[in-house]
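What follows is each chain in one-letter form.
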Amino acid sequence: MSEKTSVAIPENKMGTMPVVKLIFNMSLPIMFSMLVMALYNIVDSIFVAKISEEALTAVSLAFPVQNLMISFGVGTAIGVNALLSFSLGQKNQEDVNKTAMNGVFLVICNFLLFFILGVTCVVPYLHSQTADEQIFNFGKEYLLIVTCSGFFVFAEITFERLLQATGRTVLSMVSQMAGAVTNLIFDPLLIFGIGPFPKLGIIGAAVATVMGQVVGMMVSLILNLTLNKEIHFKIKNIIPEGRIISKIYKVGIPSIAMSSITSVIAYFVNLILGQFSMTAVAVYGVFIKMNSFVFMPVFGLNSGIIPIIAYNYGAENHKRLTNTIRSSLVIAFAIMFIGFLVFELFPKQLFEMFSASDEMLAIGIPAFRRIAPSFLGAAFAITLSSVFQAFGNAVYSMIVSFSRQLIVFLPSAYLLSLTGNVDNVWWCFIIAEFMSVGMSLFLMRKIYIKKIKPIPVD
């Protein structure tokens, strides 16, 4: 009788490392990367605001289009990531290579789509939101450059995600930071004409944005070609293959839909606020930029907890599973509480960074103070949304997101605008968050009863 020698395989850190330490270990690099991107968006708008309030308003009107481009880029890249990682797990090198290069083909498709939309739709899009000729001209100059140069942002996103798909998250962060730093450096140089650089105003802001995307793309491309040995980049594989593309968009389309809804909401909120004044639109634009600095760390935190929850659910470790959910909720609440205090106590100082006029301060200060309490509810809703995804119930996240924004947020914003007082419109954030927290808790209870409770407690 032959003896079999069993070799103990060390358990993954997601099953052994102390939970709070593990959460930060998994999340901090992502949180840092997202903070850099949020800071870049804020500083970009600060420089634009120094041109004029009209320029800041124009960039606010451009946000839905830029967000829509990013939604298509990220959603497609998520689909590429998922299929590429699956093919790597199967050790199917041919599909790995085809998936990567079909992703490059889709970069070209997304670019052509938004190039056509930019050339044909920018003028009617802006005219639908403002009658101010100066704001319109600023917005047209800015958006035409951004949309017609969209290849670089789509390529940057895709090549960064290819690095992430093979576990090279640090390299992905390097390329993101390279692009953000380039943008931050060239923003003031090209907007204000410092040194040998021409004074281009709003055009300079758009050119600096594109330059950052070009640098980010080049860095991520070079890192892929030199260090990402799991993928063999061959031009012949760029020929589109229906089987590959359908699998990419099976994962990617839900992500595109969820992210794109933000653009739709922003567009209609701009229309609602524009009935009061274009300054109110600028206030909303500042809020979007500033709240990203609070929300991005929470999104980074949640990106880190998804694999932890999924791992311990698979391992049927009840204690680590529930500890991870509780700890992530506490950390997310702590981050949002700091944001709540800053928005409540220092709204004037926040607006002064954007060279705010007296009218902007009059609208913006009460707006920030009315919106800030919604951050506390968002901590729970956003975190539980990631918990749903970790348990394979992404549809729950979609239900909450669509219900919050389309069924509650937008209609309540419109109805509150009928009072004739712009200050009342901002209450829609509290109303929407109250609903999303309630719905999230209800769905979390269902998951607990069906999936967590049956797991034996150690």
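Residues numbered from 1 in each chain as written. Predicted model: local features only at pLDDT ≥ 70, side-chain atom pairs only at ≥ 80, totals over all residues. Heavy atoms only, no water.

Trainee: Would you mind showing me how to read empty space enclosed by the protein here?
Mentor: Vacant regions in the atomic arrangement are exposed by a probe of water-molecule size rolled over the atoms. By the definition in use, this model includes two cavities of 30 Å³ or more. Volume-wise, the largest cavity comes out at about 50 Å³. If you go around the largest cavity, the residues you meet are Ser45, Leu56, Val59, Ser60, Phe63, Gly285, Ile288 and Lys289. Counting residues per element, the ones that place at least two in the lining of the largest cavity are helix H2 (53-89) and helix H9 (278-314). At four residues, the largest contribution of residues to the lining of the largest cavity is made by H2. Looking at the lining of the largest cavity, its residues break down into four nonpolar, three polar and one charged. Around the second largest cavity, the lining residues are Val269, Leu273, Phe409, Ala413, Val425, Trp426, Cys428 and Phe429. Of all the secondary structure elements, the ones that give two or more residues to the lining of the second largest cavity are helix H8 (242-274), helix H14 (394-417) and helix H16 (428-452). Of the residues that constitute the lining of the second largest cavity, the class distribution is eight nonpolar, no polar and no charged. (1 Å grid on protein atoms, 1.4 Å probe; cavity = no way out; pocket = protein on both sides within 12 Å on 5 of 7 lines; lining within 4 Å. Points joined across faces, edges and corners; volume = space filled by probe spheres on them. Helix = DSSP H or I, 4+ residues; strand = E, 2+ residues; numbered from the N terminus. Nonpolar A, V, L, I, M, F, W, Y, C, P; charged D, E, K, R; others polar.)

Trainee: Looking at this structure, how should I read the nonpolar core?
Mentor: Side chains of a nonpolar character, in soluble globular proteins, are inclined to be buried together. Counting 133 residues, the largest nonpolar core has Leu273, Tyr284, Phe287, Met336, Phe343 and Trp426 as its most contacted members. Setting aside residues no more than four positions away along its own chain, tyrosine 284 makes contact with Ala266, Val269, Asn270, Leu273, Trp426 and Phe429. (Core = buried A, V, L, I, M, F, W, Y, C linked by side-chain atoms within 4.5 Å. Buried < 20%, exposed > 50% of the residue type's maximum accessible area, 1.4 Å probe, protein only. Contact = heavy atoms within 4.5 Å.)

Trainee: In this structure, what is going on with the layout of surface pockets? I would like to understand it.
Mentor: Of the pockets and cavities examined, the second largest pocket occupies roughly 260 Å³. Within the residue set of the lining of the second largest pocket, elements represented by two or more residues are H2, helix H3 (93-127) and H8. For the lining of the second largest pocket, the leading source of residues is H3, giving six residues. Along the lines of polarity and charge, the residues of the lining of the second largest pocket split into eleven nonpolar, four polar and no charged.

Trainee: Explain helix H1 (residues 19-49) to me, please; I cannot follow it from the model alone.
Mentor: Note on helix geometry: an α-helix contains 3.6 residues per turn, so any two residues three or four positions apart are oriented the same way. Counted at 1.5 Å a residue, the expected span for H1 with its 31 residues is 45 Å, and the 43 Å between its end C-alpha atoms agrees. The sharpest bend along H1 comes to roughly 45°, located at serine 27, with the proline proline 29 sitting one to four residues further on. (Expected span 1.5 Å × (residues − 1). Bend = angle between axes of the 7 residues up to and from the residue.)

Trainee: Honestly, unusual backbone geometry in this entry has me stumped. Any pointers?
Mentor: A negative phi holds for most residues other than glycine; trans holds for most peptide bonds. The phi dihedral of serine 355 is positive, around 50°, even though this residue is not glycine. Accessibility expressed as a relative area gives 40% for serine 355, which makes it partly exposed.

Trainee: Would you mind showing me how to read the packing of aromatic side chains here?
Mentor: Following the criterion strictly, the structure yields 23 aromatic pairs and no others. Seen from their ring centres, phenylalanine 151 and phenylalanine 152 are 5.8 Å apart, and the 80° between their planes marks the pair as edge-to-face. Looking at phenylalanine 151, the relative accessible area reads 30%, which means it is partly exposed. Judged by its relative accessible area of 27%, phenylalanine 152 falls in the partly exposed class. Ring centres of phenylalanine 388 and tyrosine 396 lie 5.7 Å apart, and the angle between their planes is 85°; this geometry places the pair in the edge-to-face category. (Phe/Tyr/Trp six-rings, centres within 6.5 Å; stacked < 30°, edge-to-face > 60°.)

Trainee: Before we go on, may I ask you to explain the side chain of glutamate 344 in this structure?
Mentor: On the secondary structure map, glutamate 344 appears in helix H10 (residues 318-345). No salt bridge forms around the buried glutamate 344; measuring N to O, its nearest opposite-charge neighbour arginine 369 is 4.6 Å away. In contact with glutamate 344, other than residues within four places in its own chain, are Arg369, Ala372 and Pro373. (Lys, Arg positive; Asp, Glu negative; His and termini not counted. Salt bridge = Lys/Arg side-chain N within 4 Å of Asp/Glu carboxyl O.)

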